[in-house]
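Fold and contact review
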Amino acid sequence: MANGGRIDPWSSDQSTDYARIVDQFGLSAVDPSSLPNPGILHRRGIVFAHRDLDVVVGCMNRSDPFGVLTGLMPSGRMHLGHSMVIDQVRWFQQQGGDITVTVADLEALATRGTSLEEGRKTAINEYVHNYAALGLDPDSTNVYFQSSRPAVQRLAFTLGRRTNLSEFESIYGFHGETNLAHVQAPLVQVGDIIHPQLDDYGGLRPIVVPVGVDQDPHLRLTRDIAQKTNWFNVKQRKDGGLTVALSIQDSNKSQLAVSDSGQVEMDSRMALFSEIEKSVSDLGFSDIKLNPKHGTLEVPAATADDRARIRMAMLAIERKMGGMGLMPPCSTYHRFAVGMTGDKMSSSKPETTIFMDDSVEEMSRKVKRAFSGGQPTVEEHRRVGGDVSRDVAFQYLQFFFEKDDNALEEVKNEYESGRLLAGEVKQICIDRATEWLNDLKEKRIQWEDRLGEFLAEDAI
Ligand code: TRP
């Protein structure tokens, strides 16, 4: 490893831990050069992993619609840790995505005892207000409450049929004593994530869910469940190309031309296959091999990149035939910034983070006390240099406050060479954070009376 074995915060595979997470969770690493307009988050390796991000990037490149879903727990105060997902959301919005924001008021009620009224106030005054100040555009943002969107709750029930307690045990570590609130909440979250693709909420299009990596179990569960409902699977063929295969289930047998006794009804199967063939050839493929009896259709010339488009076409057919036609969600994962004390950031430990409405004095005090990567003595520091991978002030510049890559690079070089002392890096952090907090405060005042613009119709 470069840098004398130290972690390099500039590279996206800097940390063995994050590389291990990618491996263990079966994620893909983010390659900033594959994105149309990589943002700071990508260039700095903060967004480090994804599932199916290429599907969304395909939409960006073709100017096809895609949606973004994010959720917030309406409790406590909003701090820097929460702002990371909004930085991600804002980037997707700039690339053309429409934004749906879940207020997890039912989850907060069930798991924390937060009343719905209290949750509503916190969501709007604390979170939506800061989202506005952070630059989300209300024209394509819709904030809704779990408690007032029956479609979400309906999905939680419908899709609950596709999972069971054993799966919950293995994903979430539940056991006999687990409170049922913790069983309900993930199912409602599945509903949150799936529902933007329903016809009433924007219709069939890829949905990406930017999250911290702690939320990945929910995404795995949702992707699993969505896939189980699909009537058509689109798989890679061993010898290149893609195969569309029917997924016959009790609930779709008759539509997929299988009789009660299990026989294929050839006439209606043929009719179905010519419809599939037509929609695949409309996408520009001419070589299509049908095997209606078997329930498969081969598209030898299709590449992995074509998979999402073919899949969408199949989901559209499924919907026309009465199925749900659900696309598994895509997702992106950001790293967590270290807490200021070296612990995890947490609302319940105010010293570990900076809140969106902290005063400049509070912020300065926290930065001054924060964990540093400087050497014990000035002489040693000048000789050895600072360690940016352990320095909270540097990391906060990198994650939050210094938007200029060159300026950040310069701080890094000066610090590592020993020319800048830890206290000086802290002062730079305080200066940038002061601008950031003041700007946010000003923007909050500008948005104060306009928060209604962010709320969906059923949230007013
Ligand atoms: N469970 C999330 C949390 O603890 C909140 C949440 C609910 C959420 N629904 C969501 C997050 C959908 C992302 C997507 O913060």
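Fair warning: this is a prediction, and the values are worked out from it, not measured in the lab.

1. As for helix α6 (residues 116-133)
Taking 1.5 Å of rise per residue, 18 residues should cover 26 Å, and α6 covers 24 Å from first to last C-alpha, within 8% of that figure. The sharpest bend along α6 comes to roughly 35°, located at Ala-123. Those residues of α6 not exposed but buried are Gly-119, Thr-122, Ala-123, Ile-124, Glu-126, Tyr-127, Val-128, His-129, Asn-130, Tyr-131, Ala-132 and Ala-133. Buried residues belonging to α6 abut β3 (67-72), α4 (80-94), β4 (98-103), β5 (141-145) and α17 (422-447). Directly after α6, the chain includes Gly-135, whose backbone phi takes a positive value near 105°.

2. Details of the sheet that holds β4
Read from one edge of the open sheet, seven strands run β1-β2-β11-β6-β3-β4-β5, paired in mixed fashion. The outermost strands of the open sheet, each flanked by one partner alone, are β1 (28-29) and β5. Bridge count between β1 and strand β2 (residues 47-51): two bridges; the pairing is antiparallel. Looking at β2, one finds that Ser-28 is bridged to His-50. Packing against the sheet, α4 makes contact with β2, β3, β4, β5, β6 (207-212) and β11 (330-334), and its axis sits at approximately 155° to β6.

3. Here's the deal with the site of the ligand
Around the ligand, the neighbouring residues are Leu-69, Gly-71, Met-73, Thr-102, Ala-104, Glu-107, Gln-189, Asp-192 and Gln-215. Gln-189 places a side-chain nitrogen or oxygen 2.8 Å from a nitrogen atom of the ligand. Breaking the shell around the ligand down by element, the ones donating at least two residues are β3 and α9 (181-194). Here the shell around the ligand is built from residues that sort into three nonpolar, four polar and two charged.

4. Topic: the confidence of the model for the protein chain
The share of residues in the protein chain with pLDDT of 70 or more is 97%, and the mean pLDDT across the chain is 94. Overall, residues 1-16 carries pLDDT values under 50, and its contacts beyond four positions in sequence, including any with other chains, amount to 29 contacts.

5. Observations regarding the pattern of salt bridges
One pass over the structure, following the stated rule, counts 29 salt bridges. Note that Asp-357 is salt-bridged to Arg-77, the shortest N-O span being 3.0 Å. Within this pair, whereas Asp-357 is found in the loop between β11 and α13 (360-369), its partner Arg-77 is found in the loop between β3 and α4, the two being separated by 280 residues in sequence. With relative accessibility at 40%, the residue Asp-357 sits in the partly exposed group. For Arg-77, a relative accessible area of 35% translates into the label partly exposed. Here the salt bridges do not stand alone but share partners, grouping Arg-77, Asp-357, Asp-358 and Lys-366 into one network.

Conventions used here
Per chain, residues are indexed from 1 in the order of the written sequence. Restriction of local features to residues with pLDDT of at least 70 applies here, the model being predicted, together with a cutoff of 80 or more for giving and counting side-chain atom pairs; totals for whole chains, interfaces and linings are based on all residues. Note that the side-chain values use all heavy atoms of the structure and ignore hydrogens as well as water. Helix and strand assignments come from DSSP, with helices taken as H or I runs of at least 4 residues and strands as E runs of at least 2, each series counted from the N terminus. Expected span of a helix: the number of residues minus one, times 1.5 Å. What we call the bend at a residue is the angle made by axes fitted to the seven residues finishing there and the seven residues starting there. Buried residues are those whose accessible area, probed at 1.4 Å on protein chains only, stays under 20% of the maximum for their type, while exposed residues exceed 50% and partly exposed ones sit between those limits. Two residues form a contact once any of their heavy atoms are found within 4.5 Å. A pair of strands is treated as paired once DSSP finds two or more bridges between them. Helix axes use the C-alpha atoms of the stretch in contact, all axes being lines fitted to C-alpha atoms, and the angles between their N-to-C directions lie in the range 0 to 180 degrees. By convention in these notes, a residue is near a molecule or strand provided one of its non-hydrogen atoms lies within 4 Å of it. Counted as a polar contact is a pair of N or O atoms within 3.5 Å, where, for protein atoms, one must be capable of donating a hydrogen and the other of accepting one, and residues adjacent in sequence contribute only when both atoms are in side chains. Think of it as three bins: nonpolar holds Ala, Val, Leu, Ile, Met, Phe, Trp, Tyr, Cys and Pro, charged holds Asp, Glu, Lys and Arg, and polar takes everything else, Gly as well. Residue-level confidence of the predictor, termed pLDDT, takes values from 0 up to 100. Only one rule defines a salt bridge in this text: a Lys or Arg side-chain nitrogen within 4 Å of an Asp or Glu carboxyl oxygen.

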